[in-house]
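Coordinates in review
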Amino acid sequence: MKQFTSVKDIASIGKALDLAWDVKINPFADQELGKNKTLLMIFFNSSLRTRLSTQKAAMNLGMNVIVLDVNQGAWKLETEKGVIMDGDKPEHILEAIPVMASYCDIIGVRSFAGLENREFDYNEVILNQFIQYSGKPVFSMEAATRHPLQSYADLITIEEYKRVQRPKVLLTWAPHPKALPQAVPNSFAEWMNETEYEFVITHPEGYELAPEFVGKAKVEYDIKKAYEGAHFVYAKNWSAFSGDNYGQILSKDRAWMVDSEKMALTDQAFFMHCLPVRRNMIVSDEVIDSSSSIVVHEASNRVVSAQAVIREMLRSL
Ligand code: AN0
Ligand code: CP
């Protein structure tokens, strides 16, 4: 595997799950595979889970790991091409990428959407520059439009907890005080659409995701109908995608928060969220503290998804 930026980089959902179960059964089977190989993780944005789980995955594979927080201690990087660099950014990403690549074998990149220029974000300009100029396998640790390691871990979690062959999975928008990217819901939708699950998305009017990500999902505006009979409730906030509203907050309506009343409409659904989550904005204390919440197990599966991906990359070096 030379790159991992979306579900399309894995042959099939069946293959993804086989790789994951393999890692779960014996996490230390491939210690020799990563010996004397270096993973470089580059963060343009904050992280708790991705940082730790990806490092743990690499360590399980016997690798060395270097972490760079671009905004803390490194030179500020210019990412636009053709600009006169007379501002506050002393280094261009066009030099920085090959230099960083010369110190490692595999690169992970976290670079969120700026939410100002939809074209720049949806063309994945920064991630694609890493792919184009590093000459190394590159994987996304959440880029502008997708968070595939998260969605992969979500899939593993659903497979572990599902009580019926074809569960109803609901992705619901929930309120948040700050504008957030669409990467997590886009990516979750993209992965769910590759499965046989019944997949439903609900959100207030105006929060429609890009059609390429919605795919064959049912978009249900009636929140009660959306929750009815669900086996998994996956909550996430995102900002508007469409037109002039790109990156804007259109609603902070707390009626969309996941609470016990809504969960009572489901078929004893499990509650999921990628974390970090704002309690009593996205989800009530009661729901996240209940036995139906599987958010911590979901986060623990981030090691598994990262390890499955990095292992495939090591095999292709
Ligand atoms: C980020 C987001 O919504 O994309 C990261 C989630 C994994 N969340 C926040 O910035 C709160
Ligand atoms: N879910 C997730 O990616 O968390 P972090 O932003 O803490 O890495």
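Now for a look at the structure at hand.

Basis of the calculations
Residues numbered from 1 in each chain as written. Chains lettered and ligands numbered in written order. Predicted model: local features only at pLDDT ≥ 70, side-chain atom pairs only at ≥ 80, totals over all residues. Heavy atoms only, no water. Salt bridge = Lys/Arg side-chain N within 4 Å of Asp/Glu carboxyl O. Helix = DSSP H or I, 4+ residues; strand = E, 2+ residues; numbered from the N terminus. Pairing = 2+ DSSP bridges. Axes fitted to C-alpha atoms, helices over the stretch in contact; angles between N-to-C directions. Parallel < 35°, antiparallel > 145°, perpendicular 65-115°, else oblique. Contact = heavy atoms within 4.5 Å. Nonpolar A, V, L, I, M, F, W, Y, C, P; charged D, E, K, R; others polar. Near = heavy atom within 4 Å. Polar contact = N/O pair within 3.5 Å; in protein donor to acceptor, adjacent residues only side chain to side chain. Domains from an automatic or database assignment. Buried < 20%, exposed > 50% of the residue type's maximum accessible area, 1.4 Å probe, protein only.

1. Description of the pattern of salt bridges
- Applying the stated criterion to the full structure yields 14 salt bridges.
- Across the pair Asp22 and Arg311 runs a salt bridge whose closest N-O atoms are separated by 2.9 Å. Placement of the pair is Asp22 in helix α1 (residues 13-25) and Arg311 in helix α12 (residues 295-315), with a sequence separation of 289 residues.
- Asp69 is paired through a salt bridge with Arg51; the nearest N and O atoms lie 2.8 Å apart. You can see Asp69 sitting in strand β3 (residues 64-69) and its partner Arg51 sitting in helix α2 (residues 49-60), a full 18 residues away along the chain.
- When salt bridges that share partners are traced, they join Lys8, Arg146 and Glu190 into one network.

2. Digging into the sheet that holds strand β1 (residues 3-4)
- Taken in spatial order, the five strands make up an open sheet running β1-β7-β6-β2-β3, and their pairing is parallel. The sheet is open, and its two borders are formed by β1 and β3, each paired with just one other strand.
- Bridge count for strand β6 (residues 106-110) against strand β7 (residues 138-140) is three bridges, and the pairing is parallel. Within the sheet, the bridge partner assigned to Gly108 lies in β7 and is Phe139.

3. Considering the environment of Thr172
- One can find Thr172 in strand β8 (residues 168-173).
- Sequence separation between Thr172 and Val233 is 61 residues, and the spatial gap between their C-alpha atoms is 7.1 Å.

4. Focus: the packing of α1 against helix α6 (residues 148-161)
- Where α1 contacts α6, the two axes come as close as 11 Å, and the packing angle between them is 80°. Classified by the angle their axes make, α1 and α6 are roughly perpendicular. Judged by residue contacts, Ile13, Ala16, Leu17, Leu19, Ala20, Trp21 and Lys24 of α1 engage Tyr152, Leu155, Ile156, Glu159 and Glu160 from α6.
- Here the residues of the contact of α1 with α6 sort into nine nonpolar, no polar and three charged.

5. Considering the site of ligand 2
- With respect to spatial proximity, the complete set of residues near ligand 2 consists of Ser47, Leu48, Arg49, Thr50, Arg110, His147, Gln150, Cys274, Leu275 and Arg302.
- One of the side-chain nitrogen or oxygen atoms of Ser47 is found 2.6 Å away from an oxygen atom of ligand 2.
- In the model, an oxygen atom of ligand 2 is placed 2.8 Å from a nitrogen or oxygen of the Arg49 side chain.
- Here the residues of the shell around ligand 2 are counted per class, giving three nonpolar, four polar and three charged.
- Residue contributions to the shell around ligand 2 reach at least three from each of two domains, namely domain 1 (3-146 + 299-316) and domain 2 (150-297).

6. Some remarks on helix α7 (residues 183-192)
- Among the 10 residues that make up α7, 10 are buried, leaving the element largely enclosed by the rest of the structure.
- Listed as buried for α7 are Ala183, Val184, Pro185, Asn186, Ser187, Phe188, Ala189, Glu190, Trp191 and Met192.

7. Considerations on the sheet that holds strand β9 (residues 198-202)
- The sheet built from five strands is open, its strands ordered β10-β9-β8-β11-β12 with parallel pairing. In this open sheet, the two edge strands, each paired with only one partner strand, are β10 (218-219) and β12 (270-272).
- Here β8 pairs with β9 via five bridges, running parallel. When the sheet's bridge partners are listed, Lys168 is paired in β9 with Glu198.

8. Describing the site of ligand 1
- In the vicinity of ligand 1, the contacting residues are Phe112, Glu142, His147, Leu180, Pro181, Lys236, Cys274 and Leu275.
- Separating an oxygen atom of ligand 1 from a side-chain N or O atom of Glu142 is a distance of 2.6 Å.
- Lys236 places a side-chain nitrogen or oxygen 2.7 Å from an oxygen atom of ligand 1.
- A class-by-class count of the residues in the shell around ligand 1 yields five nonpolar, one polar and two charged.

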